[in-house]
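# Fold and geometry: a report
So you can see what is in the structure, the chains are spelled out below.
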Amino acid sequence: MKDSLNFLKSSIRSINDYPKKGIIYRDITTLLKDPQAFSLTIDMCSQYVPEDVSIIAAIDARGFIIGSAIAQKLNKGFVPIRKKNKLPYKVISQKYDLEYGTDELELHIDSIDIGQKVVLVDDILATGGSANAAIKLINQLGADILSIIFLIELVGLGGRQILEKNNSSIHSIIKF
């Protein structure tokens, strides 16, 4: 397990001062281009998906890559939570803050049914802003979030503490 984590961690490129000074951007494109690293990522994330879940919801944009692969592997439905003005049908929306600005997420009003069991996936947990916004959207549609999965967690930014106020099943594969 430790060797697997070290392998995945070494597959992620760190870029200093991007998108602005003082930020260390964790670039997963280097992990994604390696079939062994990508496959291991999906296997490790998939272990946190309860069997009774029917929908994998993922956050725009890199969360889509991981979330859709998990959904395909486990034969689950996939729901994209998009950035503002990217969805063509009726939506609900939620604004949020991130470590270097603000943004807004949207979800189709008919994408998740009341009482449906959902797993939320994203590539990175930083301040928790986008995940918290996604949680609010999913909850607004009346679904139950059984697990939240991140490939990377930036432990110094406090995102986990924000999410743990309302969710106890939060999983991250790699911590920086």
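Residues numbered from 1 in each chain as written. Predicted model: local features only at pLDDT ≥ 70, side-chain atom pairs only at ≥ 80, totals over all residues. Heavy atoms only, no water.

### Overview of the pairing of strand S3 (residues 55–59)
What counts is decided by this rule: The rule is simple: take the accessible area with a 1.4 Å probe, protein chains only, and divide by the maximum for that residue type; under 20% is buried, over 50% is exposed, in between is partly exposed. Think of it this way: any DSSP run of H or I at least four residues long counts as a helix, any run of E at least two long counts as a strand, and we number them from the N terminus. Note on pairing: DSSP must find at least two bridges between two strands before they are called paired. We call a crossover right-handed when, viewed with the strands running away from us, the connection from the first strand over the helix to the second turns clockwise.
Taking burial as the measure, the five residues of S3 include five buried ones, the bulk of the element. Burial along S3 is two-sided: the residues Ile55, Ala57 and Ile59 and Ile56 and Ala58 are all buried. Inspection of the sheet shows S3 paired to strand S4 (residues 77–83) by five bridges, in the parallel sense. Each residue of the ladder has a partner; that of Ile59, found in S4, is Ile81. In this region the chain leaves S3, passes through helix H4 (residues 62–74) and returns to the parallel neighbour S4; the handedness of that crossover is right-handed. Here S3 runs beside strand S7 (residues 117–125); their pairing, made up of four bridges, is parallel. Directly across from Ala57, in S7, lies its bridge partner Leu120.

### Things to note about the side chain of Asn167
So the rule is basically this: In what follows, a contact means two residues having at least one pair of non-hydrogen atoms within 4.5 Å.
Among the secondary structure elements, Asn167 is positioned in the loop between helix H6 (159–163) and strand S9 (170–175). Judged by its relative accessible area of 12%, Asn167 falls in the buried class. Once residues within four sequence positions are removed from consideration, Asn167 is found in contact with Ile135, Ile145 and Ile148.

### Looking at the packing of helix H1 (residues 2–10) against helix H3 (residues 35–46)
Using the following cut-off: Inter-axis angles, ranging from 0 to 180 degrees, are taken between N-to-C directions of lines fitted to C-alpha atoms, where helices are fitted over the stretch in contact. Oblique is the label for any angle not under 35 degrees, not over 145, and not in the 65 to 115 range, which are roughly parallel, roughly antiparallel and roughly perpendicular in turn. Working rule for handedness: look at the near helix, and if it is turned counterclockwise from the far one by less than a right angle, call the crossing left-handed; if clockwise, right-handed. Think of it as three bins: nonpolar holds Ala, Val, Leu, Ile, Met, Phe, Trp, Tyr, Cys and Pro, charged holds Asp, Glu, Lys and Arg, and polar takes everything else, Gly as well.
At their nearest, the axes of H1 and H3 sit 10 Å apart, and the two run at 125° to each other. Overall, the two elements H1 and H3 adopt an arrangement that is oblique. For the pair H1 and H3, the crossing hand works out as left-handed. In this structure, H1 contributes Ser4, Leu5, Phe7 and Leu8 to the contact, and H3 contributes Gln36, Ala37, Leu40, Thr41 and Met44. Here the residues of the contact of H1 with H3 are counted per class, giving six nonpolar, three polar and no charged.

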